[in-house]
Structure formats: structure tokens, C-alpha cells
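Letter by letter, the chains look like this.
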Amino acid sequence: MKTTLIIGAGGVSRVVVHKCVQNADVFGRIVLASRTLSRCEEIKSELPHGNIEVAKIDADITDEVVKLISTYQADIVINVALPYQDLTIMDACIATSTPYLDTANYEHPDEAKFEYKLQWARDEKFKQAGIMGLLGSGFDPGVTNVFCAYAQKHYFDEIHTIDILDCNAGDHGYAFATNFNPEINLREVSANGRYWQKNEDGIGEWIETEPMEIKMVWDYPEVGEKDSYLLYHEEMESLVKHIKGLKRIRFFMTFGESYLTHMKCLENVGMLSIKEVEHKGMKIVPMEFLATLLPDPSTLGVRTKGKTNIGIVADGIKDGVRKRIYIYQVSDHEKCFAEVNSQAVSYTTGVPAMIGAKLMLEGKWSGEGVFNMEEFDPDVFMDELNKQGLPWQIKEL
Ligand code: NDP
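Predicted model only: the values in this text are computed from it and were never measured.

Colleague: Before we go on, may I ask you to explain the overall build of the protein in this structure?
Modeller: Counting its regular elements, the protein contains 15 helices and 18 strands. Over its C-alpha trace the protein gives a radius of gyration of 20 Å, about what one expects of a compact globule, namely 21 Å for 397 residues. If one aligns the C-alpha atoms of the protein with their principal axes, the spans along those axes are about 55 × 55 × 40 Å. Relative to its 397 residues, the protein shows a buried fraction of 56%. In the protein, the share of contacts with a sequence separation of at least 24, taken over all contacts with a separation of at least 6, comes to 71%. When the accessible surface of the protein is split by element, carbon and sulfur atoms take 48% of a total near 16,600 Å². Positive and negative charge centroids in the protein, built from 41 and 60 side chains respectively, lie 2 Å apart.

This is the structure:
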């Protein structure tokens with residue numbers, strides 16, 4: 001029987017654990033380890049029929065993770081803690097020759113970089129250890145990369161442009177809250193925007209914009225028209241390397257008026273800063289303090305209504321003819337909550353994390369080294385999405 005080690009016990013983890021238990025024949029014994037043991041116990045208590053053990057771990061310390069992996073003889077590590085722990089957990093996987101999967105690129109707590117550099121730099125060590133590391137197996141990154149690979153495989157000789165379109169039309173009733181870890185979410189949306197395109201000489205370059213500078217209105221199926229803002233998002237960094245003939249890639253996300261107004265005010269007074277400030281003789285990081293004040297994303301599920309729609313629009317050439325297709329997935333917050341006690345943002349991240357791990361354990365996605373999602377055959381992943389609760393649609397535009 002396999003042993004699956006899941007690190008982190010937040011919103012995404014809850015979904016991963018539920019889904020691994022639903023696929024117990026593949027995942028076997030589940031060890032759920034996190035910084036706060038009571039959060040692991042809470043998730044375990046929701047699944048009395050599951051084969052789950054819990055453990056306490058500080059995943060910032062590589063040696064502790066090595067010890068944990070060795071104690072339980074894990075066959076795979078699913079990292080759904082925070083991006084700050086990616087490198088320590090990857091290093092522990094190298095030391096113990098254990099396959100690794102995560103859902104977000106590494107970030108240093110003091111400086112948001114949104115890049116894969118330090119994780120890709122471990123490729124050689126993963127090869128030497130004879131193991132596979134799968135990076136970004138959430139929805140975006142994750143499913144969006146697989147959608148691009150699927151479009152490339154079945155619909156195009158060359159894709160010229162890709163727009164990734166992420167809409168969360170859910171309403172949790174709060175004036176301001178984030179749907180996943182507030183620190184990570186607010187860093188991402190308050191940063192400058194960036195997109196990639198080839199210049200006249202055919203050289204790809206990143207074009208930087210002010211935060212929320214570029215806006216378009218997109219009509220999301222089953223949701224309706226929404227203001228969508230250009231952001232930088234990490235999957236673009238790997239897609240520009242792997243999608244043939246690409247000339248431009250952009251990422252858009254929807255935001256409501258209330259969210260944007262709050263963000264602007266918080267930014268204006270310095271509350272989104274990740275630099276330490278002195279307060280009454282203590283050092284505090286404003287963004288961390290704000291995260292403490294905001295609702296815990298894992299408590300939003302019970303009150304969130306509405307849908308998410310995330311997809312990609314690819315434009316290119318097939319047999320000399322121009323083609324434009326839209327692949328997207330719609331999830332309903334209330335349905336997700338009814339199934340796994342989590343809202344759709346955690347659900348749409350946790351299900352692909354489980355699928356990536358399932359394909360690795362089954363040997364359907366295999367390799368030695370560090371990989372992004374679009375490097376594997378998308379068909380098996382697309383089949384699993386339909387079976388595991390994330391059915392998708394394709395439209396020719
Ligand atoms: P949460 O904040 O809800 O959960 C994070 C968990 O990690 C908490 O249980 C936390 O412990 C634990 N943790 C933090 N630090 C450590 C540590 N040093 N050692 C052990 N455990 C630790 O986050 P989410 O569930 O919302 O997000 C999880 C991951 O998913 C993040 O990396 C996020 O960026 C990513 N994500 C990816 C998406 C995608 O589509 N690709 C979309 C959304 C999220 P404690 O309970 O003590 O705080």
C-alpha cells in the first residue's frame with residue numbers, strides 16, 4: 001500500500017485530503033502534517049472512514065521534513081503549505097529520493113519574485129535522485145497549463161496568442177476577504193502587471209504595466225460579463241518556453257468594485273507592504289498583520305455563493321487556417337462546499353493537486369527532474385478532470 005504525505009492543513013489541503021480519500025485505492029495511507037496539529041485533526045475528523053494519520057511539522061526546516069518522510073516512508077509528498085516552504089520540502093525530497101508536487105512557485109517571505117528560477121535550479125538534483133518534481137499542479141498554474149497543452153496537441157499546428165481568463169464570481173458577503181491565503185493573494189494582485197510578447201525581431205520580452213492598468217470586459221459562460229484586469233501570473237513563465245510559435249501571452253483576473261476600493265485604500269496607507277516596520281517597539285510586517293485581521297479563507301466556504309470560470313483562449317493556425325478556441329471550467333461554490341466543506345477556489349486548486357499526484361503514483365506521468373504541467377500528455381489529466389469534479393468545455397470562437 002502506498003503512503004501519501006500531505007504537508008499543510010489549510011483550505012487547499014482540506015480538498016486534497018477529501019479527494020485522496022475518495023481515491024483511496026491509489027493513495028493508500030494518508031499522512032497529513034502541518035504546523036498546527038489541531039488543523040490536521042479537524043480535517044481528519046471530517047473523514048472518519050479515511051485511512052489518515054496526522055503529524056506536526058515545521059516545514060521551514062529541511063531536516064524535520066526529511067525525518068517526517070523517512071518515518072512514514074512516504075511514496076509522494078504533496079506540498080500544499082505555503083510557497084515559502086517549497087525549497088525546504090524539495091530539498092527533503094531530494095535527500096530521501098521521494099517524488100514531489102506543489103501548487104505555487106517558491107516565494108521568499110521578504111521579497112515577492114513570482115518565478116520558478118530556484119525550483120528549476122534543482123532539476124539536476126532531482127535527476128540524480130531519480131525522482132520527479134511536478135510544479136504548479138493547481139488550477140492556475142496547473143489546469144490552465146494543461147488546457148494550453150491540450151489546445152496545442154489537438155487544435156493547432158502553432159498557437160500564436162494565449163489569454164488566460166480567471167473569474168471568481170463568488171460572493172461571500174464580506175466587503176473584503178481573500179479566497180486563499182491573504183498574504184499570497186494580496187502580494188500577487190498588488191504587484192505590477194506583466195505580459196510577454198515577441199517584438200518585431202521575434203525576440204520575446206516581458207512588458208510591465210502598473211497594477212490593474214489594463215482592463216477588458218469578458219463574457220464568461222455561466223457567469224456573464226466581468227471587468228478583467230491584466231496581472232502577472234507564474235504559469236506564463238513556463239508556457240513561453242513550451243508552447244510552439246507563441247507570440248503573446250497574457251493573464252486576466254476579475255475583481256469586484258469593493259475588492260479594488262479596499263485594495264487601493266490599504267495600499268495607499270502601506271498595509272500591503274511586506275517590509276518590516278516598527279510598532280510600539282515591536283517589528284511587524286503590515287501585510288502579515290492585515291492577514292491576521294482578515295477572515296480565514298477556509299471559513300468562507302459556508303457563506304460563498306456563485307460560480308468560478310477559469311479558462312484559456314488560444315488563437316493560432318491549423319492546416320493553414322486561423323482558429324480561435326476557448327477551453328474553460330465552471331465550478332459552483334455551494335456544490336463544492338456540499339462535497340468537501342470548501343469553496344470553489346480551494347476546490348479548483350485541490351482537485352488538480354490530487355490528480356497530478358494520482359498520475360504520478362500510477363506512472364501515467366513520469367520522469368526524472370523538475371517539470372511543469374504542460375510538459376506531459378494532457379489527455380489523461382483532462383480525462384481525470386471530468387471524472388474528479390472539474391468538467392470542462394471547449395468552444396470554437
Ligand atoms: P492556507 O493559508 O489556508 O494553508 C496553508 C497551510 O500551510 C496552513 O495549514 C499552514 O499552517 C501551513 N503552513 C504554513 N507554514 C508552514 C510551515 N512552516 N510548516 C508546516 N505547515 C505550514 O493556504 P491555502 O490552502 O489557501 O493555499 C495553499 C497553497 O496553495 C499555497 O501555496 C497557495 O499559494 C496555493 N494556491 C494555488 C492555487 C493554484 O491555482 N495554483 C490557487 C490557490 C492557492 P497553519 O495552519 O499553522 O497556519
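Anyway, onward from the coordinates.
Colleague: Can you walk me through the site of the ligand in this structure?
Modeller: Looking at the ligand, there are 28 residues lining it, with Arg35, Thr36, Ala59, Thr103 and Asn181 nearest. One of the backbone nitrogen or oxygen atoms of Asp140 is found 3.0 Å away from an oxygen atom of the ligand. Here the ligand loses 93% of its free accessible area of 920 Å² to cover by the protein chains. Its residues assigned to classes, the shell around the ligand shows 13 nonpolar, ten polar and five charged.

Colleague: What should I look at first to understand the packing of helix H9 (residues 182–190) against helix H12 (residues 286–293) in this one?
Modeller: Each pair of packed helices can be described by the angle between their axes along with the distance between the axes. Interaxial distance between H9 and H12 falls to 9 Å at its minimum, and their mutual angle equals 125°. Judged by the inter-axis angle, H9 sits oblique to H12. By crossing handedness, the relation of H9 to H12 is classed as right-handed. Touching Pro182, Glu183, Leu186 and Arg187 of H9 are Met287, Glu288, Leu290 and Ala291, all from H12. The residue makeup of the contact of H9 with H12, split by class, is five nonpolar, no polar and three charged.

Colleague: Sorry, what's going on with the side chain of His233 here?
Modeller: Examined against the element boundaries, His233 turns out to sit in the loop between strand S11 (224–231) and helix H10 (235–242). Looking at His233, its side chain comes within polar contact range of the side chain of Glu188, at 3.1 Å. Contact partners of His233, with chain neighbours within four places excluded, come to Asp140, Pro141, Glu188, Phe251 and Met253.

Colleague: What exactly am I supposed to notice about unusual backbone geometry here?
Modeller: Following Asp140, the chain continues to Pro141 via a peptide bond in cis, the omega torsion being 10°. Within the secondary structure, Pro141 is located in the loop between strand S6 (132–135) and helix H8 (143–155). Positioned with a positive phi, Lys280 is a non-glycine residue whose angle comes to about 45°. Relative to the helices and strands, Lys280 resides in the loop between strand S13 (277–279) and strand S14 (282–284). Overall, Lys280 belongs to the exposed group, its relative accessible area being 77%.

Colleague: Sorry if this is basic, but what is going on with the sheet that holds strand S4 (residues 76–79) here?
Modeller: Where strands meet in a sheet, backbone hydrogen bonds hold them as pairs that are either parallel or antiparallel. The strand order S3-S2-S1-S4-S5-S6-S17 describes an open sheet built from seven strands, whose pairing is parallel. Looking at strand neighbours, the two that pair on one side only are strand S3 (52–56) and strand S17 (369–372), the edges of this open sheet. Within this sheet the neighbouring strands show an average axis-to-axis angle of 20°, counted without direction. When S6 meets S17, the two strands line up parallel, connected through four bridges. Its bridge partner being in S17, Leu135 is matched across the sheet by Asn372. Most of the contacts of helix H5 (residues 86–96) go to strand S5 (residues 100–102), to which it runs at about 165°, and overall it touches strand S1 (3–7), S4, S5, S6 and S17.

Colleague: Hey, could you run me through H9 in this one?
Modeller: For an α-helix, 3.6 residues make a turn, and residues three or four places apart therefore share a direction. Within H9, nine of the nine residues are buried, which leaves it mostly tucked inside the rest of the structure. Among the residues of H9, those classed as buried are Pro182, Glu183, Ile184, Asn185, Leu186, Arg187, Glu188, Val189 and Ser190. If you check the start of H9, you find a side-chain oxygen 3.2 Å away from the backbone N of Glu183, and it comes from Asn181.

Colleague: I'm lost on the environment of Gly11 in this one. Help?
Modeller: In this fold, Gly11 is placed in helix H1 (residues 11–22). Residue class for Gly11 comes out buried when judged on its relative accessible area of 17%. Sequence separation of Gly11 and Phe180 is 169 residues, and the distance between their C-alpha atoms is 7.2 Å. Aside from chain neighbours lying at most four places away, what touches Gly11 is Ser298, Ser342 and Ser346.

Colleague: When you look at the pattern of salt bridges in this model, what are you seeing that I'm missing?
Modeller: Note on pairing: side chains with opposite charge can pair once their charged atoms come close. Taken as a whole and judged by the stated rule, the model has 22 salt bridges. Notably, a salt bridge pairs Lys19 with Glu339, separated by 2.6 Å at the nearest N-O pair. Placement of the pair is Lys19 in helix H1 and Glu339 in helix H13 (residues 333–340), with a sequence separation of 320 residues. We note a salt bridge from Asp123 to Lys127, for which the minimum N-O separation is 2.5 Å. Highlighted residues: Asp123 and Lys127, both in helix H7 (residues 123–129), separated by four residues, approximately one helical turn. Exposure remark for Lys127: the relative accessible area of 36% places this residue in the partly exposed category. Each of Lys358, Glu362, Lys364 and Glu384 takes part in a single network of salt bridges with overlapping partners.

Conventions adopted
- Once a new chain begins, its residue numbering starts again from 1 and follows that chain's sequence as written.
- Totals for whole chains, interfaces and linings use every residue, but because this is a predicted model, local features are given only for residues with pLDDT of at least 70 and side-chain atom pairs only at 80 or more, for both listing and counting.
- Hydrogens and waters are ignored; side-chain quantities use all the structure's heavy atoms.
- In DSSP terms, a helix is any run of H or I states spanning at least four residues, a strand is any run of E spanning at least two, and both are numbered starting from the N terminus.
- The size measure is the radius of gyration over C-alpha atoms, and the globule rule it meets is 2.2 Å times the number of residues to the 0.38 power.
- Burial here depends on accessible area, computed with a 1.4 Å probe over protein chains only, as a share of the maximum for the residue type. Under 20% is buried, over 50% is exposed, and the range in between is partly exposed.
- We call two residues in contact whenever any of their non-hydrogen atoms come within 4.5 Å of each other.
- Using the Shrake-Rupley algorithm and a 1.4 Å probe, accessible areas are obtained, with residue cover drawn only from the displayed protein chains.
- Note on charges: Lys and Arg go in the positive column, Asp and Glu in the negative column, and His and the chain ends are not counted at all.
- Note on charges: their place is set at NZ of Lys, CZ of Arg, CG of Asp or CD of Glu.
- A molecule or strand has a residue near it when one of that residue's heavy atoms lies within 4 Å.
- Pairs of N or O atoms within 3.5 Å make up the polar contacts considered here, provided that, within protein, one atom can donate a hydrogen while the other can accept it, and that residues adjacent in sequence are counted only when both atoms are side-chain atoms.
- Throughout this entry, Asp, Glu, Lys and Arg are counted as charged residues, while Ala, Val, Leu, Ile, Met, Phe, Trp, Tyr, Cys and Pro are counted as nonpolar. The remaining residues, Gly among them, count as polar.
- Note on method: axes are straight lines fitted to C-alpha atoms, helices fitted across the in-contact stretch only, with angles between N-to-C directions ranging 0 to 180 degrees.
- The labels follow the angle: roughly parallel below 35 degrees, roughly antiparallel above 145, roughly perpendicular from 65 to 115, and oblique for the rest.
- Here a crossing is called left-handed whenever its near helix is offset anticlockwise from the far helix by less than a right angle, and right-handed whenever the offset is clockwise.
- One bridge is not enough; two strands pair if DSSP finds at least two bridges between them.
- We count a salt bridge whenever a side-chain nitrogen from Lys or Arg sits within 4 Å of a carboxyl oxygen from Asp or Glu.

Distances and angles like these do not, on their own, reveal function.
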